[in-house]
Amino acid sequence: MSAFPPDDRCPIAILISGRGSNMRALIDACAAPDFPARIVMVLSNRPDAPGLDVARAAGLRAEAIDHRPFGKDRAAHERAVDALLREAGVQLVCLAGYMRLLTPFLTEAWAGRMLNIHPSLLPAFPGLHTHERALQAGVKLHGCTVHLVTEVMDDGPILGQAAVPVHPGDTPDALAARVLKQEHHLYPAALLNLLRPETASSGHREAALLVV
Ligand code: GRF
């Protein structure tokens, strides 16, 4: 018998395509001994994603399955991704800037066990260029959303949201930076709430934000 109790933290994978700042926030959260998830793999569809080096520097397994050799066969790429996730014993997948449209193969295989973070207050502004579109629309509040992934892009049950004010004269970059800071709080909080709701409920904050 092992001298150590079995590790009951949920084995998760983080899927990225780029710099991986949300991945970094999840790495930092998982470093706390009482956080209920452990990262067993970071996986990118881009072998040159800077986030892969960040993950390796943190001592994590970091892999790439380049989508390009699969051409238009998205499902074939997803089958390779799915096989690697299962081989690694992954139970839950966090998309963090994973810039691939998913087919029903992957969304059904991981239904209820795949999260995404999106830089808008969904259902407003699904898709790309959310900060530019928020400014063009003249909204006073913008933000980010963590949701379960379904086959509809940037849809699915909302697990958490964080709002930020839009300031007069904001540029898309300034607004993006304000939102990103909140993304880094929201994603670990939403994951914690999903895995251990009794703990996270004590962290619910009543917030009133009036922007005129
Ligand atoms: C974030 O804004 C996230 O909401 C969106 O893609 C961006 C990824 O940024 N899905 P990073 O790679 O986590 O820094």
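Residues numbered from 1 in each chain as written. Predicted model: local features only at pLDDT ≥ 70, side-chain atom pairs only at ≥ 80, totals over all residues. Heavy atoms only, no water.

> Kindly report on the state of the cysteines, identifying the contributing residues and their values.
For the structure shown, the criterion picks out zero disulfides. Free of any disulfide, Cys-10 has its nearest cysteine sulfur in Cys-94, 8.4 Å distant. (Disulfide = S-S within 2.5 Å.)

> Give a detailed account of the site of the ligand, specifying residues and quantitative values.
In the neighbourhood of the ligand, the contacting residues comprise Arg-19, Gly-20, Ser-21, Asn-22, Gly-97, Ile-117, His-118, Pro-119 and Glu-183. Here an oxygen atom of the ligand sits 2.9 Å away from a polar atom, N or O, in the main chain of Gly-20. The separation between an oxygen atom of the ligand and a polar side-chain atom of Glu-183 is 2.7 Å. Coverage of the ligand by the protein amounts to 86% of the 370 Å² it exposes when considered alone. Elements with a minimum of two residues in the shell around the ligand: α1 (21-30) and β5 (114-118). Across the shell around the ligand, the residue classes tally to two nonpolar, five polar and two charged. (Near = heavy atom within 4 Å. Polar contact = N/O pair within 3.5 Å; in protein donor to acceptor, adjacent residues only side chain to side chain. Areas by Shrake-Rupley, 256 points an atom, 1.4 Å probe, with all protein chains shown as cover. Helix = DSSP H or I, 4+ residues; strand = E, 2+ residues; numbered from the N terminus. Nonpolar A, V, L, I, M, F, W, Y, C, P; charged D, E, K, R; others polar.)

> Describe the sheet that holds strand β3 (residues 62-64), and please don't skip the residues or the numbers.
The seven strands lie next to each other as β3-β2-β1-β4-β5-β6-β7, forming an open sheet whose pairing is mixed. For this open sheet the edge positions go to β3 and β7 (158-165), each flanked by a neighbour on one side alone. Ignoring which end each strand starts from, the neighbouring axes of this sheet average 20° apart. Pairing of strand β6 (residues 141-148) with β7, which is carried by seven bridges, proceeds in the antiparallel orientation. What sits directly across from Cys-144, in β7, is Ala-162. The sheet strands contacting α1 are β1 (10-16), β2 (37-44), β4 (92-95) and β5, and the helix crosses β2 at an angle near 155°. (Pairing = 2+ DSSP bridges. Axes fitted to C-alpha atoms, helices over the stretch in contact; angles between N-to-C directions. Contact = heavy atoms within 4.5 Å.)

> Could you give me a rundown of the pairing of β6, with the residues and numbers involved?
Judged by how many residues are buried, β6 sits mostly within the fold: seven of eight residues are covered. In terms of strand pairing, β5 meets β6 through four bridges, oriented antiparallel. The residue of β6 that forms the bridge with His-118 is Thr-145. (Buried < 20%, exposed > 50% of the residue type's maximum accessible area, 1.4 Å probe, protein only.)

> Account for the side chain of His-131, with residues named and values stated.
Assignment of secondary structure puts His-131 in helix α5 (residues 130-137). Looking at His-131, the relative accessible area reads 12%, which means it is buried. Apart from the residues lying within four places of it in its own chain, the contact partners of His-131 are Pro-119, His-142, Pro-172, Leu-175, Ala-176 and Val-179.

By themselves, these observations are geometric and do not establish any function.
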